[in-house]
Amino acid sequence: MQIVTDGYQKELKKHGTDEFPLLVSYEQLSRYGSGSFLWHWHPELEITLILEGKMIYKVNQCTFHLKEGEILFSNANVLHAGFMENMEDCKYYSLTFDPKMVYGFYQSVLKRKYVDPVTQNFYLPAIYIDYSEKWHKEFAEYVKDIIRLDREKPLFYEMDIVGDLRELWKCMLKNQQPASHFQHSRSEQERMKIIMEYLEQNYMNKIRLSDISEKVHLCESECSRLFKRYMNVSLFTFLQEYRVERSLEFLLGSGDSITEIAQKAGFTDSNYYSKVFSRIKGCSPCQYRKEKMNLIKNR
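K.L.:
Provide a residue-level description of the pattern of salt bridges, including the pertinent values.
P.N.:
According to the stated counting rule, one finds 15 salt bridges in the structure shown. One salt bridge in this structure joins Asp256 and Lys264, with 2.5 Å as the shortest N-O distance. Here Lys264 falls in the partly exposed class, since its relative accessible area comes to 38%.

K.L.:
Lay out the side chain of Glu85 with the relevant residues and their values.
P.N.:
Here Glu85 lies in the loop between β6 (80-84) and β7 (90-97). Lys54 is the oppositely charged side chain nearest to the buried, salt-bridge-free Glu85, at an N-O distance of 5.6 Å. Here the side chain of Glu85 touches His65 through a polar contact of 3.4 Å, side chain to side chain. Apart from the residues within four sequence positions on either side, Glu85 is in contact with Lys54, Ile56 and His65.

K.L.:
Describe in detail the pairing of strand β1 (residues 22-28), supporting the description with residues and values.
P.N.:
Counting buried positions along β1 gives five out of seven residues, so the element sits mostly inside the fold. Of the pairings in the sheet, the one linking β1 to β7 comprises seven bridges and is antiparallel in character. Paired with Tyr26 across the bridge in β7 is Tyr93.

K.L.:
So, a nonpolar patch on the surface: which residues are in play, and what are the values?
P.N.:
A surface patch of nonpolar side chains, amounting to about 400 Å² of accessible area, comprises Leu155, Phe156 and Met159. Looking at where Met159 falls in the secondary structure, it is placed in helix α4 (residues 157-173). A residue is classified by how much of its surface remains accessible, and Met159, at 61% relative accessible area, is exposed.

K.L.:
If you had to explain the state of the cysteines to someone new, which residues and values would you point to?
P.N.:
Here the structure, examined in full by the defined rule, presents zero disulfides. The closest cysteine sulfur to the non-disulfide-bonded Cys286 is located on Cys283, 9.9 Å from its own sulfur.

K.L.:
Tell me what's going on with the environment of Val102, and back it up with residues and numbers.
P.N.:
Mapped onto the elements of the fold, Val102 is located in helix α1 (residues 100-103). Spatially, the C-alpha atom of Val102 lies 8.5 Å from that of Gly163, the residues being 61 residues apart in sequence. Those residues in contact with Val102 that sit more than four places away from it in its chain are Phe97, Leu110, Val115, Leu165, Arg166 and Trp169.

K.L.:
Summarise helix α3 (residues 134-152); cite the residues concerned and give the values.
P.N.:
Each full turn of the α-helix corresponds to 3.6 residues, which orients residues three or four apart in the same direction. Taking 1.5 Å as the rise per residue, α3 with 19 residues should run 27 Å; its terminal C-alpha atoms sit 29 Å apart, in good agreement. In this structure, the buried side of α3 is in contact with β1, β3 (45-59), β5 (71-74), β7, β8 (126-129) and α4. Positive phi shows up at Lys153, right after α3, with a value of about 50 degrees.

K.L.:
I'd like a description of the nonpolar core, backed by residues and values.
P.N.:
The biggest cluster of nonpolar side chains holds 40 residues, and the ones touching the most others in it are Trp39, Met192, Ile195, Leu199 and Phe227. Among the secondary structure elements, those contributing two or more residues to this core are β2 (36-40), β6, α5 (182-202), α7 (220-231), α8 (235-253), α9 (258-264) and α10 (270-281). Ranked by the residues each element gives to this core, the list is headed by α8, at eight residues. Excluding residues that lie within four positions of it along the chain, Met192 makes contacts with Leu79, Leu226, Phe227, Tyr230 and Met231.

K.L.:
Any chance you could break down the packing of α8 against α10 for me, citing the residues and the numbers?
P.N.:
Closest axis-to-axis distance for the α8/α10 pair is 10 Å, and the angle between their directions is 95 degrees. As judged from the angle between their axes, α8 and α10 are roughly perpendicular. Where α8 approaches α10, its residues Phe236, Gln240, Glu241, Val244, Glu245, Ser247, Leu248 and Leu251 are matched on the opposing element by Tyr272, Tyr273, Val276, Phe277, Arg279, Ile280 and Lys281.

K.L.:
Quick rundown of the pairing of β5? Include the residues and the values.
P.N.:
Within a regular beta strand, the side chains point alternately toward one face of the sheet and then the other, so they alternate between its two faces. Neither face of β5 is left uncovered, since the one carrying Ile71 and Phe73 and the one carrying Leu72 and Ser74 both have all their residues buried. Of the pairings in the sheet, the one linking β5 to β8 comprises four bridges and is antiparallel in character. Note that in β8 the partner of Ile71 across the bridge is Ile129.

Cut-off values and rules
- Residues numbered from 1 in each chain as written.
- Predicted model: local features only at pLDDT ≥ 70, side-chain atom pairs only at ≥ 80, totals over all residues.
- Heavy atoms only, no water.
- Salt bridge = Lys/Arg side-chain N within 4 Å of Asp/Glu carboxyl O.
- Buried < 20%, exposed > 50% of the residue type's maximum accessible area, 1.4 Å probe, protein only.
- Helix = DSSP H or I, 4+ residues; strand = E, 2+ residues; numbered from the N terminus.
- Lys, Arg positive; Asp, Glu negative; His and termini not counted.
- Polar contact = N/O pair within 3.5 Å; in protein donor to acceptor, adjacent residues only side chain to side chain.
- Contact = heavy atoms within 4.5 Å.
- Pairing = 2+ DSSP bridges.
- Patch = residues over 30% accessible without salt bridge, like charges linked within 9 Å, V, L, I, M, F, W, Y side chains within 5 Å.
- Areas by Shrake-Rupley, 256 points an atom, 1.4 Å probe, with all protein chains shown as cover.
- Disulfide = S-S within 2.5 Å.
- Expected span 1.5 Å × (residues − 1).
- Core = buried A, V, L, I, M, F, W, Y, C linked by side-chain atoms within 4.5 Å.
- Axes fitted to C-alpha atoms, helices over the stretch in contact; angles between N-to-C directions.
- Parallel < 35°, antiparallel > 145°, perpendicular 65-115°, else oblique.

Here it is, written out as structure tokens:
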């Protein structure tokens, strides 16, 4: 299993219904073929509550190490991905919803005054709820109540969920700074989506910086700086990590040799692939395959 996206890394899955655009789902990283959900984005907001285990959650240029009980609020239209930590599984709830669940209708004063300042703040990709601030506990209670309401579906549960979402939003908004400098960041975000699309479609091939820079209409040095500024790692480092993550699908889903898997993932040298894999995952590709297959057999 893996998240299905279009050519621009936008997730194609529908979150909720047109009548009630909110989806609460119980998830487990081990259900994904690679033990991780790869980079994608969607116009909905997403709240992740960790139930068991740990997760390395990446949102744009930020990396969060989430553990049991902690929550991450991911803003609309941000690139995000989740990975196992120390090869251990993670169970979590995902709460994904359209911003109009909070503001009601398009020309609403709620949208203009209270929702747009968050969803259009491209310097606010995520909020980490780790209980280091007093308001975090209140925020978490609203999240847990929404999950309970969705599960039990008592009379008027839809109205209660909307009420909880608005209280949650107000709680969050009172503790965040107003947005600024939208236009520059919006342009960067669009360029980043083009870069991510190109990497996703071509990771198995030789990738030159000149090809990427041409696609986003930037010189090579500025293209590199943009990527590093946005993702907090160099483009080359990210590409190595991405190729390793994509190789997990072949390691666990096929009987291909390590040499064949290395080539499919974009590595021309299987020894170099093993070296990079070991640095990122802490073990060789063969060890990873053996341990994961044993776990699957013993379930």
